[in-house]
Amino acid sequence: MQIHLPNAEATVALGQRVAELAYPGLVVALRGELGGGKTTFAQGVGRGLGVQGRVSSPTFIILALHSGRLTLAHADLYRLCDAEELVELGLDEHMEQGVALIEWAERFPEVLPADHLEIHLQDEGEGRRATLSATGPRAQGLLESLG
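Scoring rules and cut-offs
Every residue gets a number counted from 1 within its own chain, in the order that chain's sequence is written. Owing to the predicted nature of the model, reporting of local features is limited to residues with pLDDT of at least 70; listing and counting of side-chain atom pairs is limited to 80 or more, with chain, interface and lining totals taken over all residues. For the side-chain quantities, the full set of heavy atoms in the structure was used; hydrogens and water were omitted. Exposure is judged per residue with a 1.4 Å probe applied to protein chains only, and the accessible area is read against the type maximum: over 50% gives exposed, under 20% gives buried, and values in between give partly exposed. What counts as a helix is a DSSP run of H or I of at least four residues, what counts as a strand is a run of E of at least two, and both are numbered from the N terminus. Strand pairing requires that DSSP identify at least two bridges connecting the strands. For this analysis, a nonpolar core means a set of buried residues of the types Ala, Val, Leu, Ile, Met, Phe, Trp, Tyr and Cys, connected via side-chain atoms within 4.5 Å. What makes two residues a contact is simply this: any of their non-hydrogen atoms within 4.5 Å. Basic side-chain nitrogens of Lys or Arg form a salt bridge, by our definition, when they fall within 4 Å of a carboxyl oxygen of Asp or Glu.

Q: I tried to follow the pairing of strand β4 (residues 72-76) on my own but got confused; where do I start?
A: Strand residues, when the strand is regular, have side chains that alternate between the two faces of the sheet. Counting buried residues along β4, 5 of its 5 residues qualify, which places the element largely inside the surrounding structure. Residues L72, H74 and D76 of β4 are buried on one face, and the alternating residues A73 and A75, pointing to the opposite face, are buried as well. Of the strand pairs in this sheet, strand β3 (residues 63-66) and β4 are connected by 4 bridges, and their pairing is antiparallel. Residue pairing across strands places L63 opposite A75, the latter belonging to β4. Hairpin remark: β3 followed by β4, antiparallel, with 5 residues in the connecting loop. Sheet topology places β4 next to strand β5 (residues 99-103); 5 bridges connect them, and they run parallel. Opposite L72, over in β5, you have V99 as the bridge partner.

If you want it as structure tokens, here you go:
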């Protein structure tokens, strides 16, 4: 599924919509270049989950946890050297219990569950294009509900 996002507000709105359909154990692999809108999307998910406070990029802290309707675990794998660091942070536990957004997930695909949602954000000059795909039945159901 491809969606044109003309501005940051549309990117936030897509995140909110995904949050409205989210379930415990939802993992979203976020792909895209630096400045591509991954954190903007995460802010929309936070808003949709009722997170109080700001959802910002976890680039330097690697994993940020936010309380809402479901716990939001927001990870950024850009600076990690190996997947063992994720085990130490307990990301796998958070992926099972709440909603996990994983920026730069392509760096360590082995940490992703078999059933997850992938969102690739690409700059189009005039806005962005979001390409969404599902790798399992639960994520596919969410994707169909978005449709």
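Q: Would you mind going over the nonpolar core with me for this structure?
A: The nonpolar side chains of a soluble globular protein tend to be buried, and buried together. Core analysis: the largest hydrophobic core is formed by 29 residues, its most contacted members being L26, F41, L49, V99, L101, L117 and I119. Beyond its immediate sequence surroundings of up to four residues, L101 is in contact with V28, L30, F41, A42, V45, L72, A73, H74 and A75. Judged by nonpolar contacts, the second largest core, of 18 residues, contains A73, L77, M95 and V111.

Q: Explain the pattern of salt bridges here, please?
A: Note on pairing: side chains with opposite charge can pair once their charged atoms come close. A full pass over the atoms with the stated rule returns 4 salt bridges. A salt bridge links R31 to E118, with the shortest nitrogen-to-oxygen separation between them at 3.3 Å. Here R31, found in strand β2 (residues 26-32), pairs with E118, found in strand β6 (residues 117-123); they are 87 residues apart in sequence, far enough to count as distant. Residue R31 is classed as buried on the basis of its relative accessible area of 18%. For the salt bridge of R129 with E124, the shortest nitrogen-to-oxygen distance reads 2.9 Å. You can call R129 partly exposed: its relative accessible area is 24%. Salt bridges sharing common partners tie together R31, E106 and E118.

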